[in-house]
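# Coordinate analysis (summary)
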Amino acid sequence: MLFALICKDKPGHLQVRLDARPDHVNFLNGLNADKKLAFAGPFLDADGKPNGSLVVIEAADLAAAEALAAADPYANAGLFESVDVRPWNWVFNKPAEA
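All of the points below concern the structure found in this document. Owing to the predicted nature of the structure, the values given are computational and were not obtained by experimental measurement.

## With respect to the environment of Ala 65
Relative to the helices and strands, Ala 65 resides in helix 2 (residues 62-71). According to the relative accessible area criterion, Ala 65 is buried, its value standing at 0%. Sequence separation between Ala 65 and Phe 27 is 38 residues, and the spatial gap between their C-alpha atoms is 14 Å.

## Observations concerning helix 2
Looking at helix 2, one finds that the buried residues are Ala 65, Leu 68 and Ala 69. Looking straight down helix 2, one finds that the buried residues subtend no more than 100° of arc, so they occupy a single side. For helix 2, the N-terminal cap is Asp 61; the gap from its side-chain oxygen to the backbone nitrogen of Ala 63 is 3.3 Å.

## What to know about the sheet that holds strand 4 (residues 80-88)
On the basis of which strands lie adjacent, the open sheet formed by four strands has the order 2-3-1-4 and antiparallel pairing. Looking at the sheet topology across the chains shown, the edges are occupied by strand 2 (37-44) and strand 4. Within this sheet the neighbouring strands show an average axis-to-axis angle of 15°, counted without direction. Sheet topology note: the strand 2/strand 3 (residues 50-58) ladder contains seven bridges and is antiparallel. Residue Leu 44 lies in a different strand from strand 3, and its bridge partner there is Pro 50. On the sheet, helix 1 (residues 14-33) packs against strand 1 (2-9), strand 2, strand 3 and strand 4 and is oriented at approximately 15° with respect to strand 3. Helix-sheet contacts for helix 2 involve strand 1, strand 3 and strand 4, and the interaxial angle to strand 4 is about 150°.

## Comments concerning the side chain of Ser 53
Among the secondary structure elements, Ser 53 is positioned in strand 3. A polar contact of 3.1 Å, which involves the side chain of Ser 53, links it to the side chain of Arg 17. In this structure, Ser 53 is in contact with Leu 5, Ile 6, Cys 7, Arg 17, Gly 41, Pro 42, Phe 43, Tyr 74 and Phe 80, ignoring residues within four places of it in sequence.

## Quick look at the pattern of salt bridges
Tallied over the entire structure, the rule returns two salt bridges. Glu 81 serves as the salt-bridge partner of Lys 8, at 3.2 Å between the closest nitrogen and oxygen. Of this pair, Lys 8 sits in strand 1 while Glu 81 sits in strand 4, placing them 73 residues apart in sequence. In this structure, the salt-bridge partner of Asp 9 is Arg 17, at a minimum N-O distance of 2.8 Å.

Analysis parameters
- Within each chain, residue numbers correspond to sequence positions counted from 1 in written order.
- Whole-chain, interface and lining totals are the exception, using all residues; otherwise, since this is a predicted model, local features are given only for residues with pLDDT of at least 70 and side-chain atom pairs are given and counted only at 80 or more.
- Neither water nor hydrogens contribute to the side-chain values; these are computed over all heavy atoms in the structure.
- Helical segments are the DSSP runs of H or I of at least four residues, strand segments are the runs of E of at least two, and each set is numbered from the N terminus.
- Buried, partly exposed and exposed residues are distinguished by accessible area as a fraction of the type maximum, computed with a 1.4 Å probe on protein chains only: under 20%, between the cut-offs, and over 50%, respectively.
- Throughout, the arc means that of the directions going from the helix axis to the C-beta atoms.
- N or O atoms within 3.5 Å of each other form a polar contact, as long as, within protein, one can give a hydrogen and the other can take it, and as long as residues adjacent in sequence are counted only when both atoms are side-chain atoms.
- Pairing between strands is defined by DSSP: at least two bridges between them are needed.
- An axis is simply a line fitted to the C-alpha atoms; with a helix, the fit covers only the stretch in contact. Between two such axes, the angle follows the N-to-C directions and lies from 0 to 180 degrees.
- Note on contacts: a residue pair qualifies if any of its non-hydrogen atoms lie within 4.5 Å across the two residues.
- Any carboxyl oxygen of Asp or Glu within 4 Å of a side-chain nitrogen of Lys or Arg constitutes a salt bridge here.

Everything listed here is a matter of geometry and, on its own, says nothing about what the molecule does.
This is how it looks when you write it as structure tokens:
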């Protein structure tokens, strides 16, 4: 099942994001290699700077999705003000249908 991780950065934490980014990218590359990552990318503020993340993952259930969200180096660095983990159904423009 797919889950959307909707993550909002704490205000003023851009440097935390930048410092943790290499570990975050490695984490996502690992999820991708394990076929658990559908897609991911940052939300941007009005100046084009990242201020959150949208990560869609494959997980067996909500508890597994929450565990993956908690394992993200961004979460461990204290970057996020909030993380909303929600079941998600990919209906349109799925890569398998392209």
